[in-house]
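Letter by letter, the chains look like this.
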Amino acid sequence: MAPTKVLTGARVVLPTGTVDDGRVIVEGTRIADTAPDAPGSVETIDVSGHWLVPGFVDLHNHGGGGASFAGGTAEEVLQGVHTHRLHGTTTVVASAVTGDLDFLARHAGMLAELAQQGDIAGIHFEGPFISPCRKGAHDEELLRDPDPAEVRKLIDAAHGHARMMTLATELPGGLDSVRLLVEHGVIAAVGHTDATYEQTVAAIDAGATVATHLFNAMPVLGHRAPGPIAALLEDERVTVELINDGTHLHPAALQLAFHHAGPRRVAFITDAMDAAGFGDGRYMLGPMEVEVAEGVARLVEGGSIAGSTLTLDRAFQRAVTVDGLPVEDVVQAISATPARLLGLDDRIGSLEPGKDADLVLLDADFALKGVMRRGEWVVAPQLG
């Protein structure tokens, strides 16, 4: 049996606040609640001068490391998962993109097997039930109205591992599809939508609880026609996704969301595609060709932003050093809030006794220095 690991000296961010010169004890795959009984089997690791925070949880991610969650093989999906683990994301939901319905169902079956094995935390269907007016990097020819029967087909194909579906809820069948998702325990997310304020309120009342990458792929906030942004920000039942890469959002937009929603209703996501953690070049996002230049992904045809190359360690560092958010709020938005939304907060999302030993070690400048997942180092810290 692996020795008990005792990490000492770090600034440890707990649900109750930050503890200076803190200590976290890891026994097996879990965080222990008491000191080990046998000192001879203890490995003490001095991480003084660092921050120790929970592993990151990504609700919305299409791939990384040159591999696609949206269309890749099981081996390619695992390659992308490993890439994001190297950047602190110890829990990831695999996001699909718009495609042929039969293909999406088959692909969901493969992803469901990976979810059953614990490699991913479930499946997010982003499309095909979205608005052609706000399609972004989705193939317009494959878009369709959210027919509840077709929504049910994808839910069934995921074999209990569908976590979330993004819908343009103003389309015919939208509200009935939201209700169907809720009945089956799947998060209904409003996104890629051209809805009015009133239509978005109706979707929330029907059970929608997430805003897919707030501000992006939806009408702008207007003073006479406030659109979906106002409805999603004002309602305490809604969690808003934010892509904090400096491209998708102006810092003022991020501050606006945090001011109105607060860290308990904000989930930082990557919306990453294959190029995350890999580099510039040409890639495929579903059936769409993407050019990545200087870390920004855009469709070859039309130039729309096509996901991101973001990793959550960069999102964390930017949130603290550029946006000036308190570390505790960033931890909430990048770990605790998405874990709670997924219904996994009994196991992940915070540093508490009995939970999985998913940890991220950051230096004083919030650069990643170590990653532990379920008690094993994914990135071993180089200290001293």
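Please read these numbers as outputs of a predicted model, since none were measured by experiment.

*Asks:* How do you make sense of the overall build of the chain when you look at a structure like this?
*Replies:* Summing up its helical and strand segments, the chain has 9 helices and 21 strands in all. In terms of overall size, the chain behaves like a compact globule, its C-alpha atoms giving a radius of gyration of 20 Å where 384 residues would be expected to give roughly 21 Å. Referenced to the eigenvectors of the C-alpha coordinate spread, the extents of the chain come out at roughly 65 × 45 × 40 Å. Within the chain, the proportion of its 384 residues that are buried is 58%. Long-range pairs, those at least 24 residues apart, make up 69% of the contacts in the chain between residues at least 6 apart in sequence. Working note: accessible area of the chain is about 15000 Å², and carbon and sulfur atoms make up 49% of it.

*Asks:* How do you make sense of the side chain of T98 when you look at a structure like this?
*Replies:* Looking at the element boundaries, T98 is found in the loop between β9 (89-96) and α2 (101-117). Among the polar contacts listed, one links the side chain of T98 to the side chain of H138, at a separation of 2.7 Å. For T98, the residues in contact, after removing those within four places along its chain, are E126, G127, P128, I130, H138, D139, L142, L143 and P287.

*Asks:* Would you take a moment to explain helix α3 (residues 148-157) for this structure?
*Replies:* One full turn of an α-helix is made of 3.6 residues, so residues set three or four places apart face in the same direction. Buried within α3 are the following residues: E150, V151, L154, I155 and A157. Summarising the axial view, the buried residues of α3 lie within an arc of 165°, below the 170-degree limit, and thus occupy one face. Looking at the buried positions of α3, the neighbouring elements they touch are α2, β10 (123-126), β11 (162-167) and α4 (174-183). Capping the start of α3, D147 holds a side-chain oxygen 2.9 Å from the backbone nitrogen of A149, two or three residues further along. Two residues or fewer past α3, H159 is found with a positive phi of approximately 50°.

*Asks:* Even after reading the chapter, I still don't get the nonpolar core, so can you show me in this structure?
*Replies:* In a soluble, globular protein the nonpolar side chains are often hidden away together inside. By size, the foremost hydrophobic cluster in this structure holds 94 residues, and its most contacted members are I120, F125, L214, L242, F268 and F316. It is α2 that contributes the most residues to this core, 9 residues altogether. With near-sequence residues (within four places) excluded, F268 lies in contact with V57, L242, N244, L254, F258, L312, A319, L325, V330, A333 and I334. Within the second largest apolar cluster, 14 residues are counted, among which are V26, L351, L361 and M372.

What counts as what
Residues numbered from 1 in each chain as written. Predicted model: local features only at pLDDT ≥ 70, side-chain atom pairs only at ≥ 80, totals over all residues. Heavy atoms only, no water. Helix = DSSP H or I, 4+ residues; strand = E, 2+ residues; numbered from the N terminus. Rg over C-alpha atoms; globule rule 2.2 N^0.38 Å. Buried < 20%, exposed > 50% of the residue type's maximum accessible area, 1.4 Å probe, protein only. Contact = heavy atoms within 4.5 Å. Areas by Shrake-Rupley, 256 points an atom, 1.4 Å probe, with all protein chains shown as cover. Polar contact = N/O pair within 3.5 Å; in protein donor to acceptor, adjacent residues only side chain to side chain. Arc of directions from axis to C-beta. Core = buried A, V, L, I, M, F, W, Y, C linked by side-chain atoms within 4.5 Å.

It is worth stressing that arrangement in space is one thing and function is another; only the former is reported here.
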